[in-house]
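Topology and contacts: notes
Chain by chain, the residues run as shown.
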Amino acid sequence: MEQENLYISADDLDTVKSLIIDKDIEACGFLLEEEKSSRLQLYIERYGEKIGSDRGVCQTTKYTKYIWHTHPHNVLEYPSPQDIYTILKWHPNNNENNFPNSNIMFSSWGIWEIPFPHKKFILDDNWLQYLHNVTDIAFHGLWHITREKGLSKISRKHLESTIDSLQYIINQEPVFDNAFRMSFTSWSDIGKNSNYFLKFP
């Protein structure tokens, strides 16, 4: 199986879109590799539990090579600091395989890939607070795009600039060895009834 050809099927993308539109809580699970196939099978493990005004954050019970979750229609359309923290942080049940390799987030805008198939690190709460601060800086101004019915060309350029800024800021930490990456692909770029091929397989 050619790793660069790994993809999520159009049918599974339709499932994800329905979750984003119909649910006001997050869904999460795994993208499982199939034997002798380049397809990643979407597996829904669980849904977040909505408590009061909380958005119903979803957390998988374990980590596989590829994990995913949704940001539903009532949540910001871009990754949270925790989404980034999860892919960098060492998890005690993953000391042998360094999973997850990639955290994939689906929102009403499209698909965000956050890969880090490298050694994980013990990151304390201070680092998480730092991550909150730098993401606030990088994502500052994106809130106005959420008021748009679609992503304009100007908004897309702003998104691309934001991704570049965030990669640069996080990669200033020497232990990450300039390996942190992030990508965004809009639903319109994928097209109707089309598969999505991972940018960082």
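Residues numbered from 1 in each chain as written. Predicted model: local features only at pLDDT ≥ 70, side-chain atom pairs only at ≥ 80, totals over all residues. Heavy atoms only, no water.

**What about the packing of aromatic side chains?**
This is how it is decided: A pair of aromatic rings is counted whenever rings of Phe, Tyr or Trp (Trp by its six-membered ring) have centres within 6.5 Å, and the orientation is called stacked for planes under 30 degrees apart, edge-to-face for over 60 and tilted otherwise. Labels follow the DSSP assignment, with helices taken as runs of H or I lasting at least four residues and strands as runs of E lasting at least two, numbered in each case from the N terminus. The classification of residues rests on relative accessible area computed with a 1.4 Å probe and restricted to protein chains. Under 20% of the type maximum is buried, over 50% is exposed, and intermediate values are partly exposed.
If you walk through the whole model with that rule in mind, you get 10 aromatic pairs. Seen in terms of ring centroids, W68 and F106 are 5.9 Å apart; in terms of plane orientation they differ by 65 degrees. Their pairing is edge-to-face. One end of the pair, W68, is in strand β4 (residues 66-70); the other, F106, is in strand β5 (residues 102-106), with 38 residues separating them in the sequence. Taking the relative accessible area as the measure of exposure, W68 reaches 1% and is therefore buried. A relative accessible area of 0% means that F106 is categorised as buried. Note on W112 and F184: the rings are 4.8 Å apart at their centroids and 45 degrees apart in plane angle, and the pair reads as tilted. Highlighted residues: W112 in strand β6 (residues 110-115) and F184 in strand β7 (residues 183-186), separated in sequence by 72 residues. A residue is classified by how much of its surface remains accessible, and F184, at 12% relative accessible area, is buried.

**Considerations on the nonpolar core**
Nonpolar side chains in soluble globular proteins tend to end up buried together. Cut-off, in case you're wondering: Working definition of a nonpolar core: buried Ala, Val, Leu, Ile, Met, Phe, Trp, Tyr and Cys residues. They are joined through side-chain atoms within 4.5 Å. Any two residues whose heavy atoms approach within 4.5 Å at even a single point are treated as in contact.
Grouped together as the largest cluster of nonpolar side chains are 30 residues, with contacts concentrated most on I84, L88, W112, I170, F176 and M182. Of all elements in the fold, only α2 (81-88), β6, α3 (125-139) and α4 (153-170) reach the threshold of two or more residues within this core. Broken down by element, this core gets its largest block of residues, 6 residues, from α3. When neighbours within four sequence positions are excluded, I84 is seen to be in contact with I114, L131, T135, L166, I170, F180 and M182. One finds I8, L13, I20 and Y196 within the second-largest nonpolar core, a separate group that totals 19 residues.

By themselves, these observations are geometric and do not establish any function.
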